[in-house]
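Now for the letters of each chain:
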Amino acid sequence: MSDTVTINIDGQNYEVAAGANLVDAAKWHAGNDIPVFCYHPKMDPVGMCRMCLVELGTPGRDRATGELLRNDDGSLQIRYFPKLQTACTTTVSDGMHIKTNTQQVIDARNDVLEFLLSSHPLDCPICDKGGECPLQNLTMRHGPQASRMYFEDKQLLEKHYPLGDLIFLDRERCIQCARCVRFQDEVVGDDVLAFHERGRRLQIITHSDPGFDTYFSGNTTDICPVGALTTADFRFGARPWELNEVPSISPWDAAGENISLSMRLDRDFGGKAMIKRVMPRQNEWVNEIWITDKARFGHHFTRAEDRLQQPQMRTGGTLRNSNWEAAIAAMAATLQGADGDVAAIAGSGMSNEDLWALRQLLEGVGAGRLGAWPPTHDAAPHLEQVGVGAGTNLSELGRGDAILVIACDLEEEVPIWRLRLKQAQDRGAYLVVANARDTRLEDFAVQGARNDKVVEGDAIRYAPGEAVSVMRDLQKAHPQIAERLSRAENLVIVAGAEGLSLAGSEALAAAAANFLIESGHTGSANNGLLSPLPGANGLGLHYLGFTPQTTLNIMQEPPRVLIVAQAELLDDDPAAQQWLSQVETIIYAGLFDDGISQRADFILPLQSFAERDGSFVNGERRVQRFYTAQGPMGQALPAWKLFGGISQNAGIANLKPSAAAVMLELSGSVAAFQGASYRALSRTERQFPDVGGRDLYYGGTAYTNHGGIGLQIPTAADRGADVQRRDMADVAELRAGEGELLIMPITRLYNRQRSFRPSLLVEQRILNPYALIHPDDAAAAGTIDGDLIEIVAGESKVRVRASVSSEIAAGGVALPRHLTDAAVPLSASVGTVSRVTDAVAVR
Amino acid sequence: MAIIGNPKYEQRIERHLAKYETKRSAVMPLLYIAQEEYGWVNSDGIGEVAQILNLDPTQVKSIAGFYTMYSEKPKGKYWLQVCTDLPCALQGADDFHAWLKDELGVDEGGTTDDGLFTVEHVMCLAACDKAPMLQCNFRYVEELDQNKMRQLLAKWRSEANGRG
């Protein structure tokens, strides 16, 4: 079979992709927007709304001979179906003819629309969707002038039905297209929405516990073709036509979700441009048209009251408000007088431009220690070698391909990857999840029986701390699984750091790289290594020379002067107080004060991602830029301007006029960023499906990508370098001794990190502090489920509730980061658990 | 009681599960069992069916909502569905239905105060030759008249009291 077929749309022939449906084909090839409500290009067609009716004909054949029938003039005889057909459920075939503009078709659309409106409230003037509503748009084109429906017969239903904490359902507006139901089922894999009753009483319901609370719930409001689903964050906040869309990148995780910030000059923000909502921006290689709820609802920190807004300087032992000029001059003097004993620790929220300016400054004062924060994942050197090949698109993984996810919980760490990998499994890819505890993705790997979908998957449960040897010895210990992974056409391995020390995370990535190299899965698209590095720019840190190993070195041998940039050391590291006390001068630049102002000599307010431009490198090595959107908070500066300013003052280099200029210099200096000018980063191309155009009814309100699809840094393997296996005979793994347990910090998406706390809407979904412990270990510690326990590991001492469950293997305790005020260990470490017996209650 | 772990239903559930290629297909017969146990399709029953079939409760609820023979409201112990379609009506089923409601003191679809009887009218049950007729908990009771019905009600009452 050929890859294309020829079809005729309204009298014109088009060559279209075989296997496509008529709606997609007509839109992509002929620019013919067949109206739809229920059909969505990211989901299976169901033909429910009947809006896409067309006249459909196929070449006739003689029944006896099977010969194609011809008219007198020799042309093929086209036989039309007596009734109109739904375009969304019809797959194109050679010679197919459709008519989309005949009176019969237009009448049918008008009738379907009138039917849909029979009980729709038409409350567009107060509807959040008004202005970008498929139903509104199609009503303008096909709707009746006046309703023939008796007004009294209109149904009066709930207008504000909370479908979850974040989403409201307006039952009057719902036209029952089931897009939200199918999104939850097909895309997310959490079928907590369904129809109830039938006919005119049909309603969307949830009867699950917990209900509609996935990390992706906001996407249903984008694909809802009417105003039935709205977010609690944005509803009644602004009208779509008042909003100015600014392309940006989600600041939360390694996925680098492309987002669009909907801006409006707002009274609530002193008349400055303010983020009213966050919408997805299409990037089929990165996040398709989906974003996580954290990206959508987590923008409030950019305007938080407790953000740093004024430069401060310690004079005479007291921290006092200062101004930039004085602070910069003082810092320049301090740095120059430090005899090169200067080091920097930069957080993974810093942009590439910031990091470059910081590095230039340090090099200028003769210092070279550049640390990355948090020092938990050390997979980056291997990602540089054998990361997923250039051009990788996780949505191309399917039958014949394989995915191994080890030592991480993608649902919590990089939800978009979890979403896309689960869909790869749905398409037939073989999914293996290995961890010391249950994770959401593991449920998909093993619960093929759920909903009786036939899926391929396996789970490996290993003892806490054993990830590296499991990966290294996969052939020996799990020969069948290893065999299937090796033989796969394409193989992606996702290696995390859960239950591992920093060195362990490096070793795991090395073992995974070995496997990929051995089985020949490197250097091509859809093959290679991924790692859920924390923050939006974990890989940018690596490419600019900031490493977690250096951070450990800085912690062991603190410098005289330490620059801390956008890293909340005291929140993350229980030992920070101690080692910071050995630093003479601390220069802290950031968004929030985590208590470091007690010690720091300079406190410098930085701008958030929303206030300035810059670029991040996502986990797939894609350099992506974000644009200035929101008005600035106080006197905050972008970090590149601050560090560039100090450099200029110290006579090291001139301050660049813009982030673009910094990037230009950077792209000329660091090989990985070669060619990554802002102009190159803002290049776009046409993507399938064509969302965000005039016909919002097709793909929903995800925005067209006008900000750039980014530029992927090639791996060593991509460039044809000879990547070598590393001998891994000796692997030092963490082992708990008698009476000890392996304390494994884990990441929860919703937590009490300073930047997430201001998003109050999500607050009630943040779990209370807990630790997951195996029943045997709990018994040994004399504790039961719900007890208050104290976990001690190194400098860390936290009190949390015990959650006793065999979801975790014996020997380990999963302790979520950032749920308590006290810092949990940075990485996995050996510790003890005991029941708290003193009567002092700890919240 | 419950369905899961109830010896009364164990074999029946097994039999239904064995009938279908995919587990979820057994959702409808299992919902009947839930309805039988609880008298209506309540949240507990939905949860148990979902657990047995490894489905999300929302999906089970959706099925129960679509089909009218699953009742999502509490019903009396004896659910009396009187056929009042045309052939039955010609045999006096309409009057019979009205009389029965009077006799029990309930409105259409209502349940007696003692929680024993629910009366509602239904479409054709395909027993036109035996009209007036009704089905009691999906079992046919045919060729009814007021006398016979009084006896039956008395019998059911004593049955219920005897056990209760």
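Residues numbered from 1 in each chain as written. Chains lettered and ligands numbered in written order. Predicted model: local features only at pLDDT ≥ 70, side-chain atom pairs only at ≥ 80, totals over all residues. Heavy atoms only, no water.

> Would you explain the packing of helix α3 (residues 43-53) of chain B against helix α4 (residues 57-66) of chain B in this entry?
Each pair of packed helices can be summarised by the angle the axes make with each other and by the distance between the axes. Residue and element names in this part refer to chain B. Across the interface, α3 lies against α4 with an axial gap of 8 Å and an inter-helix angle of 120 degrees. The angle between the axes of α3 and α4 places the two elements in the oblique class. Crossing of α3 over α4 shows right-handed handedness. Contacts from Ile46, Val49 and Ala50 of α3 reach α4 at Pro57, Val60 and Lys61. Residue composition of the contact of α3 with α4, grouped by class: five nonpolar, no polar and one charged. (Axes fitted to C-alpha atoms, helices over the stretch in contact; angles between N-to-C directions. Helix = DSSP H or I, 4+ residues; strand = E, 2+ residues; numbered from the N terminus. Parallel < 35°, antiparallel > 145°, perpendicular 65-115°, else oblique. Left-handed = near helix turned anticlockwise from the far one by under 90°. Contact = heavy atoms within 4.5 Å. Nonpolar A, V, L, I, M, F, W, Y, C, P; charged D, E, K, R; others polar.)

> Any chance you could explain helix α8 (residues 352-364) of chain A here in plain terms?
Working note: α-helix, 3.6 residues per turn, so residues spaced by three or four point in the same direction. All names here are of chain A. Its 13 residues place the ends of α8 18 Å apart at the C-alpha level, agreeing with the 18 Å of an ideal helix rising 1.5 Å per residue. Counting buried residues along α8, ten of its 13 residues qualify, which places the element largely inside the surrounding structure. Following α8 by one or two positions, Gly366 has its phi on the positive side, about 75 degrees. (Expected span 1.5 Å × (residues − 1). Buried < 20%, exposed > 50% of the residue type's maximum accessible area, 1.4 Å probe, protein only.)

> I keep staring at the packing of aromatic side chains and nothing clicks. Help me out?
Aromatic ring pairs are defined here through the distance separating the ring centres and the angle between the ring planes. Counted under the stated rule, the structure contains 19 aromatic pairs over all chains. With centroids separated by 5.9 Å and ring planes inclined at 35 degrees, the aromatic side chains of Phe96 of chain B and Trp99 of chain B adopt a geometry described as tilted. With Phe96 of chain B and Trp99 of chain B both in helix α6 (residues 93-104), this residue pair falls three residues apart, about one helical turn. Take Phe96 of chain B: its relative accessible area is 5%, and that puts it in the buried class. Residue Trp99 of chain B is classed as buried on the basis of its relative accessible area, which comes to 13%. Clustering of aromatic rings is evident, with ring pairs tying together Tyr215, Trp252, Phe301, Phe609, Tyr750 and Phe756 of chain A. Above the plane of the ring of Tyr430 of chain A lies Arg484 of chain A, whose end atom (NZ or CZ) is 3.8 Å from the centre. Above the ring of Trp28 of chain A, the side-chain terminus of Arg686 of chain A is found at 3.7 Å from the ring centroid. (Phe/Tyr/Trp six-rings, centres within 6.5 Å; stacked < 30°, edge-to-face > 60°. Lys NZ or Arg CZ within 6 Å of the ring centre and 35° of its normal.)

> What should I look at first to understand the domain arrangement of chain A in this one?
Frequently, the measure chosen for interface size is the accessible area that the parts lose on association. Residue and element names in this part refer to chain A. Under the domain assignment, chain A is made up of domain 1 (4-112), domain 2 (119-231), domain 3 (380-530) and domain 4 (741-835). Relative placement of domain 1 and domain 2: their C-alpha centres are 29 Å apart. Each side of the interface is counted separately: domain 1 has 16 residues, and domain 2 has 17 residues. Between domain 1 and domain 2, roughly 1,300 Å² of surface is buried when both sides are summed, and carbon and sulfur atoms account for 62% of that area. Taken as a group, Phe37, Met43 and Met48 account for 47% of the area that domain 1 buries against domain 2, more than any other trio of residues on that side. (Domains from an automatic or database assignment. Buried area = accessible area lost by both parts, 1.4 Å probe.)

> What is the right way to read the nonpolar core from this model?
If you look at soluble globular proteins, the nonpolar side chains tend to sit buried side by side. Residue and element names in this part refer to chain A. Judged by nonpolar contacts, the single largest core of 222 residues is most densely connected at Leu358, Val405, Met471, Leu485, Leu642, Phe643 and Phe673. At ten residues, helix α16 (residues 502-518) tops the list of elements feeding residues into this core. Discounting chain neighbours no more than four positions away, the residues touching Leu642 are Trp324, Ile328, Met331, Ala589, Leu604, Leu606 and Leu637. Judged by nonpolar contacts, the second largest core, of 23 residues, contains Trp579, Ile596, Ala600 and Ile603. (Core = buried A, V, L, I, M, F, W, Y, C linked by side-chain atoms within 4.5 Å.)

> Would you mind going over the pairing of strand β15 (residues 312-315) of chain A with me for this structure?
One face of the sheet, then the other: side chains in a regular strand alternate in exactly this way. Across four bridges, β15 of chain A lies against strand β16 (residues 318-321) of chain A in antiparallel orientation. Looking at β16 of chain A, one finds that Gln312 of chain A is bridged to Asn321 of chain A. (Pairing = 2+ DSSP bridges.)

> Looking at this model, I keep getting lost on α4 of chain B. Mind explaining?
With seven of ten residues buried, α4 of chain B lies mostly within the body of the structure. Near the N-terminus of α4 of chain B, the side chain that reaches the backbone nitrogen of Thr58 of chain B, with its oxygen 3.0 Å away, is that of Asp56 of chain B. (Polar contact = N/O pair within 3.5 Å; in protein donor to acceptor, adjacent residues only side chain to side chain.)

> Honestly, the layout of surface pockets in this entry has me stumped. Any pointers?
If you roll a probe as big as a water molecule over the atoms, it shows you where there is empty space left. Its volume calculated, the largest pocket comes out at about 1,300 Å³. What lines the largest pocket is a set of 44 residues, among which Asp190, Pro210, Glu411, Arg440 and Asp443 of chain A lie closest to the centre. (1 Å grid on protein atoms, 1.4 Å probe; cavity = no way out; pocket = protein on both sides within 12 Å on 5 of 7 lines; lining within 4 Å. Points joined across faces, edges and corners; volume = space filled by probe spheres on them.)

> In this structure, what is going on with the interface of chain A and chain B? I would like to understand it.
At the interface, 17 residues of chain A touch 18 residues of chain B. In this assembly, chain A packs against chain B so that about 1,500 Å² is buried in total across both faces, 46% of it on carbon and sulfur atoms. There are zero salt bridges connecting chain A and chain B. At the junction of chain A and chain B, the tally comes to ten residue pairs in polar contact (both at pLDDT 80 or more). Residue classes in the side of chain A that touches chain B are distributed as six nonpolar, six polar and five charged. (Salt bridge = Lys/Arg side-chain N within 4 Å of Asp/Glu carboxyl O.)

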